Amino acid sequence: MEILREILLTLHLLGMAIIVGGYFTVIRSPKVLPGMLHASYLQLITGLLLMGLAEMGDGEVNHMKIGIKLVVAIVITVLAFIGNKKQKTFAASAPADGGAATAVKNPSATLAHLVFVFAIINVIVAVFVH
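Computed from a prediction, not measured in an experiment: that's the story for all the values here. (Residues numbered from 1 in each chain as written. Predicted model: local features only at pLDDT ≥ 70, side-chain atom pairs only at ≥ 80, totals over all residues. Heavy atoms only, no water.)

It is worth spelling out the packing of aromatic side chains at this point. Tallied over the full model, the rule gives 3 aromatic pairs. Measuring from centroid to centroid gives 5.3 Å for Phe24 and Phe116, while their planes differ by 70 degrees, and the two rings are edge-to-face. A residue pair is termed long-range when its members are at least 10 positions apart, and Phe24 in helix 1 (residues 2-25) and Phe116 in helix 4 (residues 109-128) qualify at 92 residues. Residue Phe116 is classed as buried on the basis of its relative accessible area, which comes to 16%. Through successive ring pairs, a cluster of aromatic residues spans Tyr23, Phe24 and Phe116. (Phe/Tyr/Trp six-rings, centres within 6.5 Å; stacked < 30°, edge-to-face > 60°. Helix = DSSP H or I, 4+ residues; strand = E, 2+ residues; numbered from the N terminus. Buried < 20%, exposed > 50% of the residue type's maximum accessible area, 1.4 Å probe, protein only.)

Set out below in structure tokens:
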């Protein structure tokens, strides 16, 4: 069981790294990348599996911490889903001529910022809430 927990924890941390790293790659013109959406799915699933393993174990489980992290993970996933959908719509409606010199704010920029902030909040909860 310990090996499974370590694998799930590694995947969970990789999901967070993909969200944060994806945000930093497009920080000059923020948008929700498909990888950020997939990483939010990965974080949600591995987090639930880690919670299940913790419940099956012998130690104490902080249900308040798990509940907060679950709510934040669901918020991240919903924001990433909506942002990815807006990004696809925006990309599909872009002019096919290679883009004129008009600067248009990306509609998923605010959602990208929110996904990043909530991912950082989830890390802070994981580290500092006991």
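UniProt tags residues 7-26, 32-54, 66-83 and 111-129 as "transmembrane region" (unreviewed entry). A helix fraction of 91% and a strand fraction of 0% characterise residues 32-54, whose end C-alpha atoms lie 32 Å from each other. The annotated region residues 111-129 carries 95% helix and 0% strand content, and the separation between its end C-alpha atoms amounts to 26 Å. (UniProt positions renumbered as here; feature names shortened; annotations may be inferred.)

Once that is clear, we can look at the layout of surface pockets. Approximately 780 Å³ is the volume attributed to the largest pocket. Broken down by secondary-structure element, the contributors of at least two residues to the lining of the largest pocket are helix 1, helix 2 (34-56), helix 3 (63-92) and helix 4. By residue number, the principal contributor to the lining of the largest pocket is helix 2, which donates 9 residues. Of the residues contributing to the lining of the largest pocket, the split by class is 20 nonpolar, 7 polar and 5 charged. (1 Å grid on protein atoms, 1.4 Å probe; cavity = no way out; pocket = protein on both sides within 12 Å on 5 of 7 lines; lining within 4 Å. Points joined across faces, edges and corners; volume = space filled by probe spheres on them. Nonpolar A, V, L, I, M, F, W, Y, C, P; charged D, E, K, R; others polar.)

Nonpolar side chains in soluble globular proteins tend to end up buried together. Among the nonpolar cores identified, the biggest contains 16 residues, and Ile19, Tyr23, Val32, Met36, Ile76, Ala80 and Val115 are the most heavily contacted of them. Elements that contribute at least two residues to this core include exactly helix 1, helix 2, helix 3 and helix 4. Considering each element in turn, this core owes the most residues, 5 residues, to helix 4. Those residues in contact with Met36 that sit more than four places away from it in its chain are Ile18, Ile19, Gly22, Tyr23, Lys31, Ala80, Ala112 and Val115. (Core = buried A, V, L, I, M, F, W, Y, C linked by side-chain atoms within 4.5 Å. Contact = heavy atoms within 4.5 Å.)

A word on the pattern of salt bridges. Taken as a whole and assessed by the stated rule, the structure comprises 2 salt bridges. With its nearest N and O atoms 3.0 Å apart, the salt bridge here joins Glu6 to Arg5. Take Glu6: its relative accessible area is 36%, and that puts it in the partly exposed class. Overall, Arg5 belongs to the partly exposed group, its relative accessible area being 33%. Each of the salt bridges in this network shares a partner with another, and the network as a whole consists of Glu2, Arg5 and Glu6. (Salt bridge = Lys/Arg side-chain N within 4 Å of Asp/Glu carboxyl O.)

As a further point, take the packing of helix 1 against helix 4. Close contact between helix 1 and helix 4 brings their axes to 10 Å; oriented N to C, the two are set at 140 degrees. As summarised for this structure, helix 1 and helix 4 are arranged oblique, according to the angle between their axes. Crossing geometry of helix 1 relative to helix 4 is assigned as left-handed. Note on element contacts: helix 4 touches helix 1 through Ala112, His113, Val115, Phe116, Ala119, Ile120 and Val123, opposite Met16, Ile19, Val20, Tyr23 and Phe24. Across the contact of helix 1 with helix 4, the residue classes tally to 11 nonpolar, 1 polar and no charged. (Axes fitted to C-alpha atoms, helices over the stretch in contact; angles between N-to-C directions. Parallel < 35°, antiparallel > 145°, perpendicular 65-115°, else oblique. Left-handed = near helix turned anticlockwise from the far one by under 90°.)

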